[in-house]
Amino acid sequence: MADAPKGVMAPDLLPADAGSGPPDAPSRKGAGSRLLGSHSFGGGAWRRPRFGRALRSLRCTVARVSRFLDRLRQGPPIVADGGMGAVLSGAVPGLRCPEEANLRAPESVVAVHTGYIAAGAELIETNTFGANRRKLARVLLDDAFEQLNSAGVRLAREAREVSGRDVFVGGAIGPLGELEVFDPAEHGPLYAEQARVL
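The rules behind these values
- Residues numbered from 1 in each chain as written.
- Predicted model: local features only at pLDDT ≥ 70, side-chain atom pairs only at ≥ 80, totals over all residues.
- Heavy atoms only, no water.
- Helix = DSSP H or I, 4+ residues; strand = E, 2+ residues; numbered from the N terminus.
- Contact = heavy atoms within 4.5 Å.
- Salt bridge = Lys/Arg side-chain N within 4 Å of Asp/Glu carboxyl O.
- Buried < 20%, exposed > 50% of the residue type's maximum accessible area, 1.4 Å probe, protein only.
- Polar contact = N/O pair within 3.5 Å; in protein donor to acceptor, adjacent residues only side chain to side chain.
- Expected span 1.5 Å × (residues − 1).

## Some points on the environment of Pro-77
Then comes step 1: Tracing the chain through its elements places Pro-77 in the loop between α1 (52–74) and α2 (84–91).
Then comes step 2: For the pair Pro-77 and Glu-122, spaced 45 residues apart in sequence, the C-alpha to C-alpha distance is 9.7 Å.
Then comes step 3: Filtering out sequence-adjacent residues up to four positions away, Pro-77 remains in contact with Arg-71 and Glu-122.

What follows is the structure in structure tokens.
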């Protein structure tokens, strides 16, 4: 491991006398040991990294992905929701795009999601299909890119909680809104930017 990420010390990058605890703690050197987080070995304070919440979230995410993949392999087919944009555009007047409802009318977004869940949807998609930066720029919402996408995820999860059903939540990423031949160099970063937020 030539370059360790910030805050990570791999075994081959540790000082020879470094253990995995505070400077006065007994050394627990060994193959595969790592120190993660903020540590100071010389006169400063040592604090144990706190990963509990993040680790639980990661385990939950891995379990859901695994359950989703198992369901795809073994069946039965997964029933998904319908078109959020069409329903929201009719329900919330004056939207520049359906994704704007994530910020202007979040209760409507949750209501549409829970309606699909009540109708039997086992997979709901975030209200982010047209929330890529290029499409949002056309309606002067590109400054709200991250807020719109984050809110879309939060509202879909909230609808899952409100419904009391353990439905799958998928991040919706649609086309850039132009007739195009996919150019990885030009379009890839735009899709990746949205995927990172979702």
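## Focus on the pattern of salt bridges
Then comes step 1: Applying the stated criterion across every chain yields a total of 8 salt bridges.
Then comes step 2: The shortest N-O distance in the salt bridge between Arg-71 and Glu-122 comes to 2.9 Å. Linking Arg-71 in helix α1 with Glu-122 in the loop between α4 (106–118) and β3 (123–125), this pair joins segments that are 51 residues apart in sequence.
Then comes step 3: For Glu-122, a relative accessible area of 21% translates into the label partly exposed.
Then comes step 4: Its salt-bridge partner being Arg-133, residue Glu-193 comes within 2.7 Å of it at the nearest N-O pair. Placement of the pair is Glu-193 in helix α7 (residues 184–197) and Arg-133 in helix α5 (residues 133–138), with a sequence separation of 60 residues.
Then comes step 5: Three or more residues joined by partner-sharing salt bridges are found here, namely Arg-96, Glu-100 and Arg-104.

## Describing the side chain of Arg-71
Then comes step 1: With relative accessibility at 18%, the residue Arg-71 sits in the buried group.
Then comes step 2: Within the local environment of Arg-71, its side chain forms a polar contact with the side chain of Glu-122, the two groups lying 2.9 Å apart.

## Focus on α4
Then comes step 1: Taking 1.5 Å of rise per residue, 13 residues should cover 18 Å, and α4 covers 18 Å from first to last C-alpha, within 8% of that figure.
Then comes step 2: Within the span of α4, buried status applies to Ser-108, Val-109, Val-110, Val-112, His-113 and Ile-117.
Then comes step 3: Next to the buried residues of α4 lie α2, α3 (101–104), β3 and α6 (145–163).
Then comes step 4: Immediately beyond the C-terminal end of α4, within one or two residues, lies Gly-120, with a positive phi of roughly 115°.

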